[in-house]
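Structural description and commentary
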Amino acid sequence: MTRPAEPPIRHRPGSGSRERQLADVFVTLADTLVADFDVLEVLDVLVRACVDTLGSTAAGLLLGDQRGQLRVMAASAESSRLLEVFQIQNDEGPCLDCFRTRQPVSVPDLSIAVGQWPRFVPVAVASGFRSVHALPMRLRDTTIGALNLFHGDEVALTVEELRVAQALADTATIGILQQRALQSSNLMAEQLQTALNSRVAIEQAKGVLAATGGLDMEQAFQALRRHARDHNLRLSDLAREIATGTTDVAAILGPRA
Amino acid sequence: MMTAAGHRGIVCCTDRVAAAIEELQFTLGEGPCIDAFHRGPVLLDDLAGSGHLGRDPWPMFTAAAFASGARALFAFPLQVGAVRIGAFDLYRDQPGPLDETQLGIALTFADELAVTILRDRSPGVSIPWPADGSSSHAEVHQASGILSVQLGMSVEDAFVWLRARAFASGRPVVDLAHEVVNSTDPNGIERRGTDDETR
């Protein structure tokens, strides 16, 4: 099912055109892509930008781990439930198909795709999603992962919107591989593995913060990110310190609002 | 070769060249293994070539490793997120890259080696368990973080504890981790009903 000619209103009135929003996104990214930047911070900015500029309900980014698995690297919200919707696509789903075929996958109506993905569709629908798009993260002959966009209603992204989404996916790819890596598969593997391991450290840190502060995983991630920003720390470095017990967790949790 | 915070030592080597490579890094305090420990994998197809696109990270090491017979070197960190255990090196007597399959095998081996070392040095865990690939699941690491707080141990010991517990009770690690995460989630109780339907 495709969207009617008149698209649903996705942008707040007076919030400016998509062009302006996109300009803001790329300015933010330029700020993030400084020397020695943290890949996971860039990816975090990107998935949130997808939600803002494309009106997606949720966005996530999965990378192939070079061991035959797809792994979640960033999500617009960090609840366990949402991460599971992304992660289950390691077994089946539009992200896996997109990753394997290197082509975008658009599913405007998930309910009729249950035969295609009998495990993925019920999980996605139970989480409130009605449509999904997946875009490949490509570099020449290699596909490193896929960007995943979910909508809570039946949405078919237009050609123009898909182009925007692909531009964001391409930016993420460059962010992960960094410019010097563009010429070497070795450097690509080195960057990918480092980013994957940093993501594991973030999960460990979320667990520590959640258990210490009585938070859910989304709140734990927010606390982590807020503290990193407020103190000008790299997200990955702070996560490592939390997980190894070399920083004061109470200070990160702070006085509860 | 294994590197723990501050202490370096060579655990095992397969032959004289490998031993020489490790000794060199130990002596010089520089080399791919040491870098891999601190960052990520270091893959050098050709020790004779410029190697790393103009990077000249270990001038003394590279020349000496070449002289001892190595032509390509691949160093992989042994780590589980924030937990750094050491690194292992592979060398070749001919230059050339690892292909995709070889890289995948090396990475998987590094993962399982890291888990095995953690298990063997963890006090009180005597049951060996088979490789299960569960380290690629986010909830396993979230649960390790949660358990480290609840049980008052390090994240690495909690990681081992979780796997030992799962193995002893005959349950997949991933399922047990899911339960740990949901039991601490403030919204977990109301969510559990719908979770069951969808799993």
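The structure presented is a predicted model; accordingly, all values stated were derived computationally and were not measured.

1. Describing the overall build of chain B
Counting its secondary structure elements, chain B contains eight helices and five strands. Across chain B, helices and strands are ordered from the amino to the carboxyl terminus as β-β-α-α-β-α-β-β-α-α-α-α-α. Sequence-distant contacts, at least 24 apart, represent 55% of the contacts inside chain B between residues at least 6 apart. Just so you have it, chain B exposes about 9,400 Å², and 55% of that area is on carbon and sulfur atoms.

2. Description of unusual backbone geometry
At Gln 66 of chain A, a position not held by glycine, the phi torsion is positive, near 65 degrees. On the basis of relative accessibility, which here comes to 24%, the residue Gln 66 of chain A falls in the partly exposed class.

3. Examining the state of the cysteines
Two cysteines form a disulfide when their sulfur atoms are joined by a covalent bond. Under the criterion given, the structure shown has zero disulfides over all chains. Here Cys 50 of chain A stays unpaired: no disulfide links it, and the sulfur of Cys 95 of chain A, its closest cysteine neighbor, is 12 Å away.

4. Quick notes on the interface of chain A and chain B
Between chain A and chain B, the residue contacts involve 39 residues of the former and 41 residues of the latter. In total, about 3,300 Å² of surface goes out of reach between chain A and chain B, with carbon and sulfur atoms giving 56% of it. Where chain A touches chain B, the interface holds one salt bridge. Linking chain A to chain B there are eight residue pairs in polar contact (both at pLDDT 80 or more). With 16 residues, the top contributor of residues to the side of chain A that touches chain B is helix α7 (residues 185-213) of chain A. Residues belonging to the side of chain A that touches chain B are distributed by class as follows: 13 nonpolar, 15 polar and 11 charged.

5. Some details on the pairing of strand β5 (residues 83-92) of chain B
On a regular strand, each side chain points to the face opposite its neighbour's, so the side chains alternate between the two faces of the sheet. Residues and elements named next belong to chain B. One ladder, built from nine bridges, connects strand β4 (residues 72-80) with β5; its direction is antiparallel. Opposite Pro 77, over in β5, you have Ala 87 as the bridge partner. Linking β4 to β5, which pair antiparallel, is a turn of two residues; within it Gly 81 sits at a positive phi near 60 degrees.

6. Focus on the domain arrangement of chain A
Residue and element names in this part refer to chain A. What the domain assignment reports for chain A is domain 1 (10-179) and domain 2 (190-256). Between the C-alpha centres of domain 1 and domain 2 the distance comes to 23 Å. On the side of domain 2, 21 residues touch domain 1, which itself brings 26 residues to the contact. In this assembly, domain 1 packs against domain 2 so that about 1,900 Å² is buried in total across both faces, 52% of it on carbon and sulfur atoms. In terms of surface lost to domain 2, no three residues of domain 1 exceed Leu 40, Met 73 and Glu 78, which account for 28% of the buried area on that side. Applying the counting rule to domain 1 against domain 2 returns three salt bridges. Put simply, Arg 225 and Asp 44 hold a salt bridge, and the shortest N to O gap is 2.7 Å.

7. Some points on the pattern of salt bridges
A full pass over the atoms with the stated rule returns 13 salt bridges over all chains. Ionic pairing is found between Arg 119 of chain A and Asp 91 of chain A, a salt bridge with its closest N-O pair at 3.3 Å. One end of the pair, Arg 119 of chain A, is in the loop between β3 (105-107) and α5 (120-126); the other, Asp 91 of chain A, is in the loop between α3 (80-87) and α4 (94-101), with 28 residues separating them in the sequence. In this structure, Arg 39 of chain B engages Asp 35 of chain B in a salt bridge whose closest nitrogen and oxygen atoms are separated by 3.1 Å. Residues participating in the shared-partner salt-bridge network are Glu 78, Arg 199, Glu 203 and Lys 206 of chain A.

8. Description of helix α5 (residues 138-151) of chain B
For α5 of chain B, which comprises 14 residues, the first-to-last C-alpha distance of 20 Å matches the rise-based estimate of 20 Å (1.5 Å per residue) to within 8%. Counting buried residues along α5 of chain B, 10 of its 14 residues qualify, which places the element largely inside the surrounding structure. Looking at α5 of chain B, one finds that the buried residues are Glu 139, Val 140, His 141, Gln 142, Ala 143, Ser 144, Gly 145, Ile 146, Leu 147 and Ser 148 of chain B. Where α5 of chain B is buried, its residues meet α3, α7 and α8 (217-230) of chain A together with β4, α6 (155-168) and α7 (173-184) of chain B.

9. Quick look at the pairing of strand β2 (residues 70-75) of chain A
All names here are of chain A. With six of six residues buried, β2 is to be regarded as a mostly interior element. In this structure, strand β1 (residues 58-64) lies alongside β2, joined through five bridges in antiparallel fashion. When the bridges of β2 are listed, Gly 64 appears paired with Leu 70. The hairpin turn running from β1 into β2, its antiparallel successor, is five residues long, and Gln 66 in that turn takes a positive phi close to 65 degrees.

Reading the values: rules and limits
Residues numbered from 1 in each chain as written. Chains lettered and ligands numbered in written order. Predicted model: local features only at pLDDT ≥ 70, side-chain atom pairs only at ≥ 80, totals over all residues. Heavy atoms only, no water. Helix = DSSP H or I, 4+ residues; strand = E, 2+ residues; numbered from the N terminus. Contact = heavy atoms within 4.5 Å. Areas by Shrake-Rupley, 256 points an atom, 1.4 Å probe, with all protein chains shown as cover. Buried < 20%, exposed > 50% of the residue type's maximum accessible area, 1.4 Å probe, protein only. Disulfide = S-S within 2.5 Å. Buried area = accessible area lost by both parts, 1.4 Å probe. Salt bridge = Lys/Arg side-chain N within 4 Å of Asp/Glu carboxyl O. Polar contact = N/O pair within 3.5 Å; in protein donor to acceptor, adjacent residues only side chain to side chain. Nonpolar A, V, L, I, M, F, W, Y, C, P; charged D, E, K, R; others polar. Pairing = 2+ DSSP bridges. Domains from an automatic or database assignment. Expected span 1.5 Å × (residues − 1).

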